[in-house]
Amino acid sequence: MESQAKSGSGNGLSILSVSLRISIVFMIICGILYPLASTGAAQLLFPHQANGSLLKNSSGEVTGFELIGQSFTNPSFFQGRVSSIDHNAAGSGSNNFAPSNPALIERTKASIEEWKANNPEVPIDQVPIALITNSGSGLDPHITPKSASVQIPRISKLTGLSPDELETLVKAHTEGRDLGVFGEARVNVLKLNLALTAKLGN
């Protein structure tokens, strides 16, 4: 009986020792080596994305993120999608209202009236629906080329740049489908506004 008890105790210590060593090995692999390897590979292969896809102005100052939209209150700039979370990257989503929801109807009406006031040259029936409806994520940094083009009359009037100059800017910053197949053509609003600022010399 005593021999069996010692044997059982020895087996228990052996299992504990093996478990402890395995835990230490996996902590080193998963907690140190793998993060270092993946971070190093990301910095080597995709440094721009790994560091947050930061966008800088002509002075080298960080002005925002390539993959996160932001609000532009100055009407001289191109405007992005409506965001129910004010482009706050701490969260993602929209209020998910049904089309019949009174709050959504009132918000859309307000967007339409704001468009009419700021863009009298462009009738509301020529405005892409995406410009007056919420972004699904609330963080969308892109608009369609058409959504950018309909803003040209307002921006031309406020900046003094010709419509042709602005159209050239939009075309230069229009990104095609991913791999030529996936998604739709799009314009990154922040990149476009940085180019607009550089052209204005501000």
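Everything here concerns the structure above.
Everything numeric in this text was worked out from a predicted model, so none of it was measured. (Residues numbered from 1 in each chain as written. Predicted model: local features only at pLDDT ≥ 70, side-chain atom pairs only at ≥ 80, totals over all residues. Heavy atoms only, no water.)

Colleague: I would appreciate a short explanation of the sheet that holds strand E3 (residues 142–143) in the present structure.
Modeller: Note: strands within a sheet are paired through backbone hydrogen bonds, in either parallel or antiparallel orientation. As summarised here, the arrangement of the 3 strands in space is E3-E5-E4, forming an open sheet in which the pairing is antiparallel. A single partner strand is all that each edge strand has here, and the edge strands are E3 and strand E4 (174–175). Bridging between E4 and strand E5 (residues 186–188) involves 2 bridges; their strand directions are antiparallel. By the bridge assignment, Thr 174 is partnered in E5 with Val 187. Against the sheet, helix H7 (residues 189–200) touches E3, E4 and E5, its axis set at about 60 degrees to E5. (Pairing = 2+ DSSP bridges. Helix = DSSP H or I, 4+ residues; strand = E, 2+ residues; numbered from the N terminus. Contact = heavy atoms within 4.5 Å. Axes fitted to C-alpha atoms, helices over the stretch in contact; angles between N-to-C directions.)

Colleague: I would appreciate a short explanation of a nonpolar patch on the surface in the present structure.
Modeller: Together, Val 18, Leu 20, Ile 22, Ile 24, Val 25, Phe 26, Met 27, Ile 28, Ile 29, Ile 32, Leu 33 and Leu 36 give the surface a local cluster of nonpolar side chains, amounting to about 1100 Å² of exposed area. With respect to the helices and strands, the residue Ile 22 is situated in helix H1 (residues 2–45). (Patch = residues over 30% accessible without salt bridge, like charges linked within 9 Å, V, L, I, M, F, W, Y side chains within 5 Å. Areas by Shrake-Rupley, 256 points an atom, 1.4 Å probe, with all protein chains shown as cover. Salt bridge = Lys/Arg side-chain N within 4 Å of Asp/Glu carboxyl O.)

Colleague: It is not clear to me how helix H6 (residues 163–172) should be interpreted in this structure. Could you clarify?
Modeller: Three or four residues apart is the spacing at which side chains of an α-helix point the same way, because the helix has 3.6 residues per turn. Taken as a whole, H6 has its buried residues at Leu 166, Leu 169 and Val 170. Seen along its axis, H6 keeps its buried residues to an arc of 100 degrees; they face one direction. Facing away from the buried side of H6 by over 90 degrees, the exposed positions are Asp 164, Thr 168, Lys 171 and Ala 172. Tucked inside the fold, the buried residues of H6 contact helix H4 (145–149), helix H5 (152–159), E4, E5 and H7. (Buried < 20%, exposed > 50% of the residue type's maximum accessible area, 1.4 Å probe, protein only. Arc of directions from axis to C-beta.)

Colleague: When you look at helix H3 (residues 102–118) in this model, what are you seeing that I'm missing?
Modeller: Given a rise of 1.5 Å per residue, 17 residues ought to cover 24 Å, and the 24 Å separating the end C-alpha atoms of H3 matches this to within 8%. For H3, the full list of buried residues reads Leu 104, Thr 108, Ser 111 and Trp 115. In a view along the axis of H3, the buried residues occupy a sector of 55 degrees, so they form one face of it. Seen from the open side of H3, the exposed residues pointing more than 90 degrees away from its buried face are Pro 102, Glu 106, Glu 114 and Ala 117. Turning to H3, the residues buried within the fold contact H5. The N-terminus of H3 is capped by Asn 101, whose side-chain oxygen sits 2.9 Å from the backbone nitrogen of Ala 103. (Expected span 1.5 Å × (residues − 1). Polar contact = N/O pair within 3.5 Å; in protein donor to acceptor, adjacent residues only side chain to side chain.)

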